[in-house]
Amino acid sequence: MSLQVPAFQRAAIACLALMFSVSFPARADLTRLLEYVPDDAALVLGSNGFNPEDPAHSESKLASLLKRSDLPGGIAAVGESLSQLPRYRELLDRMPPSFRDPLGDPHGILARMPVVLFVNDVAPDPSGSLSVSAGLLFEPRNEAQRRAVGTALSVAQIGLINRHAPADRVQFVNGNSCLGLTVKAKVAAHPDESFGRSVRLQEALAQTMAKPDLLMFAEVPRVLQQTQALIGARSGDGDAANFGKVTSAMGLEGLGRAVWTAGFDQTQWRSAGWLEAPAPRGGVVSFLDQQSSPLPLEALQVTTPRTTWVHVSRLNVLGALVNVVTTRAAMNEGDGTQALMARAGGGAEEMRAAGLPEDLHLQLLTGLGDTWTFYSDPTLDAGGMAMVSKVNDPEKIAKVLASLQTFANTRMSDASVPFQITDLDMGNGIVIHALPLPRFAPAWSLSDGRLFVAGSAQAVLSAIENARPETGSILDAPRFKEAMARAGVDPASGMTGGFMYADLQRKAMSGYQKASMLLNLIAPAVKDQGVNLQGLLPPLPGLLEDLSPAVGRRYVDASGLHTWTLQPFPFSTLASGEVLFCLADPVVLMAGAGILLQEMKNRRESSASDGAGENGTHR
C-alpha cells in the first residue's frame, strides 16, 4: 500500500518538522539515547551511527578503507541506478517531496546519528491483528540531521494514524536531545527509570562491551511468552500448550538475556555477544556444557606456519544426540535412557539387511572425537580447506567407515551410478579413500589416530604431512603471534570453547578474485535493468593495506555462552569463516529445536486426526 498524504497534511508536516527544537550535544551518544527507552523494553536495537568527527571513527581502519576507495561513491552509484528503475521511480513519485529528500540523501544523514528501536510488547488484539507497543528514537548531531529526522517522523506519524493506530496512541518525542515516535508506548520519565541505566543492561554490557556502537538486546523469556500468546490467539490453546512444553523440554526457560554488541576498539572493530544460560542447564541447552573443557594445543599443531585461517571447536556428536533424544523423550513424559537405547537399536533389522553392523550408529558416535580443527592452507590444493579430528577409537572408526564404504559402493552400483569410492595406497601405511566426482573429489583417511577430510586425495595427503611435528604449525608464525598478543589470547593457557584466527591480508588475494568474478557475472544481467555495479569493490592495494589478522573466541562459563571477535572493520572476516565460528553453537541448538518442533507438529496432527475420528470423519 502506498503512502498518500494530502496537500494540507504536507503543510502540517513541514510545520511540525520546523517546530522541533533540540540542543545538539558535543558528542551524540547511543548510551545517552538509551536513557529515553522505558525500562520494560523486551527488545532493543541501537546504533551510534557513523560520525566522521569522532576520533574513534575517523582513525579506524574502516575510515581508512573508505578514504582509500570509492566505496561510498560505488554504493551511491548503485542507489542512483536503482532510482531509475520504473517500479522504484513509481514508489518515489508517490511519496511526498519532503519525505523523498531524507531518503535520497547521498551522505546518509539518517545513518550518521544515534538511533534506537525498542519493543515493549507484541500481543494479539480482539480483531485478530497484532498490537505492538514500540518506539523509534533519534539523537541528531546537527541542524541538517534534525530537519531530516523531523520530516521523516512527521510523515511516519500521519501514515500510522491513517492506517494503523489511534491518534492518541501515536506520539512524538521531543526531548532535550532526542526526537522520536512511539506507538502505544511512552519514553522513560527520568533517566534513572530508563532501560539505559537499568541493572539488566549494565550487567549485560559488563559481559560484552561498556560503550558499544551497535547493540542488540532481547529478554528471551518475554519473547517466548509473547510468542506463546500469539500462537494461542492464532492457533488455539492446544498449540500454545505444545509450544510451552517444547520450550520447557529444550531448557529454553532457563535462558535469560541475549545480547550482541560491536564497536571500535582503537583502530580495530570488536564484537562481543552473550547468551545468558546459567548453570545447571537442561534439555538441548545443556549442549553448552561441552564447551567448558580446555582445547588441546595439538588441535592447532596440525596446521602449518603458512596457514591463513583456522577454526577449532568442541562438538561431542554423541553428547548432542543424547541431548536431543532425551529431551524429546522428556517432552513425551517418557524415560530418556530407554528412548536413547531404543533409538540406538531401532535400526538393527535394517542394518542386518544392508550387511552393516547392528550397532553401527553407536560405534560411529562413540569412536569419533570431540575436538575439530578446520583450516585453510596454500598446501591444500591452492588454499583449500581441511578438517582434522583426533578420534577416540581409530580401530572402531576404521571398521565403521569401511562398512559404510562397501555399503555406498554397492548402492551406487545397483543404481548404475558411474562412481565408486576407491582406496589409494600412498605408502608408509597411508590409505586415502576418495569419491572422484566430476568437479569435486571428497576424500578422507585415518592416520596417526586422526581423521582427515578434504576436497581431494592430494589435499588429504598434504594435511597428513602438515600434521607431522617437524613441519611446524601456525603457533610458529610471527603474524599469528602478533595477533594473539594484540588480542590478549594465549593458546597454551588451556582456553576453552572455540577459537578462530584469519590472516585476512593473505586470504584477501583469493577472496578478492572470487568477489570480482561474481560481480562480473552479475553485472551484465543487472546492467540491462539500469543498475551499475562498478565501484562497489574497493581497489585491492588499498584493501590490503587496511587488513590485519582477525581473532575470535567462544567460551562457556557459569553465566552462559560468550563470543567475541577482533577484526579490522565490520564484516571483514565473513569470507574467512566468522559466520561458521559465531554460529557453531546456535546452529546445533537450532538443529535440536527443529527436531523438537517437528514433534510439536506431529502432536497437532495427531490431535486433529483423533478429533476427526471421533466425529466420524476421515482425513
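Small disclaimer: the values here were computed from a predicted structure and weren't measured.

Enquirer: Hey, could you run me through the side chain of Ser271 in this one?
Expert: Tracing the chain through its elements places Ser271 in strand β8 (residues 268-276). For Ser271, a relative accessible area of 6% puts it in the buried group.

Enquirer: Sorry if this is basic, but what is going on with the packing of aromatic side chains here?
Expert: In this description, a pair of aromatic rings is defined by centroid distance and the angle of the planes. Inspection of every chain in the model, using the stated rule, returns 4 aromatic pairs. Aromatic side chains Phe195 and Phe217 sit 5.0 Å apart centroid to centroid with 75° between the ring planes, which places their arrangement in the edge-to-face category. A residue pair is termed long-range when its members are at least 10 positions apart, and Phe195 in the loop between β5 (179-183) and α9 (199-207) and Phe217 in strand β6 (residues 214-219) qualify at 22 residues. Phe217 sits in the buried class, given a relative accessible area of 1%. Each ring, one from Phe264 and one from Trp269, has its centre 4.9 Å from the other, and the planes form 80°; the classification is edge-to-face.

Enquirer: Please explain the pairing of strand β2 (residues 115-124) as it appears in this structure.
Expert: One face of the sheet, then the other: side chains in a regular strand alternate in exactly this way. As paired elements, strand β1 (residues 43-47) and β2 share 5 bridges and run antiparallel to each other. Along β2, the bridge assignment pairs Leu43 with Val119. Note: β2 against strand β3 (residues 130-138), 9 bridges, orientation antiparallel. Its bridge partner being in β3, Ala123 is matched across the sheet by Ser131.

Enquirer: What is the right way to look at the pattern of salt bridges in this model?
Expert: When their charged atoms lie close together, side chains carrying opposite charge are able to pair. Applying the stated criterion across every chain yields a total of 20 salt bridges. Between Asp39 and Arg200 there is a salt bridge, with the nearest N and O atoms lying 3.7 Å from each other. In this pair, Asp39 sits in the loop between α2 (30-33) and β1 while Arg200 sits in helix α9, placing the two residues 161 residues apart along the sequence. For Asp39, a relative accessible area of 38% corresponds to the partly exposed category. The exposure class assigned to Arg200 is buried, which follows from its relative accessible area of 16%. Of the charged contacts, one joins Asp192 and Arg197 as a salt bridge, the two residues approaching to 2.6 Å between their closest N and O atoms. Residue Asp192 is classed as exposed on the basis of its relative accessible area, which comes to 53%. For Arg197, a relative accessible area of 42% gives the class partly exposed. Here the residues in one salt-bridge network are Glu298, Lys390, Asp448 and Arg450, joined through shared partners.

Enquirer: Looking at this structure, how should I read empty space enclosed by the protein?
Expert: For the coordinates displayed, the defined rule picks out 1 cavity of 30 Å³ or more. A volume near 40 Å³ is recorded for the largest cavity. Contributing to the lining of the largest cavity are Leu295, Pro296, Leu297, Ala299, Leu300, Val312, Pro491 and Met495. A per-class count over the lining of the largest cavity returns 8 nonpolar, no polar and no charged.

Enquirer: How should I be thinking about the pairing of strand β16 (residues 498-502) in this particular structure?
Expert: Counting buried positions along β16 gives 5 out of 5 residues, so the element sits mostly inside the fold. In β16, alternate side chains face the same way, and those of Gly498, Met500 and Ala502 on one face and Phe499 and Tyr501 on the other are all buried. With 5 bridges connecting them, strand β9 (residues 309-314) and β16 associate as antiparallel partners. Paired with Val310 across the two strands is Tyr501, which belongs to β16.

Enquirer: Where do I start with the confidence of the model for the chain in this structure?
Expert: The predicted model of the chain averages 76 in pLDDT, with 69% of residues at 70 or higher. Model confidence for the chain, summarised as mean pLDDT per element, is weakest for helix α1 (residues 7-19) at 37 and strongest for α9 at 96. Here residues 335-347 is a poorly scored stretch, pLDDT under 50, and it has 9 contacts once near neighbours within four places are set aside; other chains count. Below pLDDT 50 for its whole length, residues 614-619 participates in 5 contacts with residues either more than four positions away or in separate chains.

Enquirer: Mind showing me how you'd approach the environment of Thr227 here?
Expert: Secondary-structure assignment places Thr227 in helix α10 (residues 220-235). For the pair formed by Thr227 and Val122, sequence separation is 105 residues and the distance between their alpha carbons is 8.4 Å.

Enquirer: Where do I start with the nonpolar core in this structure?
Expert: Grouped burial of nonpolar side chains is what soluble globular proteins tend to show. Counting 39 residues, the largest nonpolar core has Phe499, Tyr501 and Val551 as its most contacted members. Looking at this core, the element that brings in the most residues is helix α18 (residues 457-466), giving 6 residues. Phe118, Val173, Cys178 and Phe195 belong to the second-largest nonpolar core, a separate cluster that totals 21 residues.

Enquirer: Help me understand unusual backbone geometry in this model?
Expert: Phi is mostly negative for residues that are not glycine, and the peptide bonds are mostly trans. In the segment running from Ala279 into Pro280, the intervening peptide bond is cis, with an omega of 0°. Here Pro280 is to be found in the loop between β8 and α12 (298-301). The phi angle at Lys184 is positive, at roughly 55°, despite the residue not being glycine. Within the secondary structure, Lys184 sits in the loop between β5 and α9. Its relative accessible area of 27% is what places Lys184 among the partly exposed residues. Phi at Gln266 takes a positive value of approximately 60°, unusual for a residue other than glycine. In this structure Gln266 comes out as exposed when scored by relative accessible area, which is 71%.

Enquirer: Is there a simple way to explain the side chain of Thr373 in this structure?
Expert: Take Thr373: it is sitting in strand β10 (residues 371-376). For Thr373, a relative accessible area of 2% puts it in the buried group. A distance of 2.8 Å separates a polar side-chain atom of Thr373 from the backbone oxygen of Ala299.

Enquirer: What exactly am I supposed to notice about the packing of α10 against helix α11 (residues 237-250) here?
Expert: Packed helix pairs are specified by the crossing angle of their axes together with the interaxial distance, meaning the distance between the axes. In contact at an axis separation of 6 Å, α10 and α11 are set at 155° when each is read in the N-to-C sense. Classed by the angle they form, the pair α10 and α11 counts as roughly antiparallel. In terms of crossing hand, the pair formed by α10 and α11 is right-handed. From α10, Leu224, Thr227, Gln228, Ile231, Gly232 and Ser235 reach across to α11, where they touch Asp237, Asp239, Ala240, Ala241, Phe243, Gly244 and Thr247. Residues of the contact of α10 with α11, tallied by class, amount to 5 nonpolar, 6 polar and 2 charged.

Enquirer: It is not clear to me how α10 should be interpreted in this structure. Could you clarify?
Expert: Count 3.6 residues to each turn of an α-helix, and residues three or four apart come out pointing the same way. Over its 16 residues, α10 extends 22 Å from the first C-alpha to the last, a length consistent with the 22 Å expected when each residue adds 1.5 Å. Within α10, the full set of buried residues consists of Val220, Leu224, Gln226 and Gly232. The inward-facing, buried residues of α10 contact β2, β6, α11 and β7 (257-265). Following α10 by one or two positions, Gly236 has its phi on the positive side, about 110°.

Cut-offs and rules
Residues numbered from 1 in each chain as written. Predicted model: local features only at pLDDT ≥ 70, side-chain atom pairs only at ≥ 80, totals over all residues. Heavy atoms only, no water. Helix = DSSP H or I, 4+ residues; strand = E, 2+ residues; numbered from the N terminus. Buried < 20%, exposed > 50% of the residue type's maximum accessible area, 1.4 Å probe, protein only. Phe/Tyr/Trp six-rings, centres within 6.5 Å; stacked < 30°, edge-to-face > 60°. Pairing = 2+ DSSP bridges. Salt bridge = Lys/Arg side-chain N within 4 Å of Asp/Glu carboxyl O. 1 Å grid on protein atoms, 1.4 Å probe; cavity = no way out; pocket = protein on both sides within 12 Å on 5 of 7 lines; lining within 4 Å. Points joined across faces, edges and corners; volume = space filled by probe spheres on them. Nonpolar A, V, L, I, M, F, W, Y, C, P; charged D, E, K, R; others polar. pLDDT = per-residue confidence, 0-100. Contact = heavy atoms within 4.5 Å. Core = buried A, V, L, I, M, F, W, Y, C linked by side-chain atoms within 4.5 Å. Polar contact = N/O pair within 3.5 Å; in protein donor to acceptor, adjacent residues only side chain to side chain. Axes fitted to C-alpha atoms, helices over the stretch in contact; angles between N-to-C directions. Parallel < 35°, antiparallel > 145°, perpendicular 65-115°, else oblique. Left-handed = near helix turned anticlockwise from the far one by under 90°. Expected span 1.5 Å × (residues − 1).

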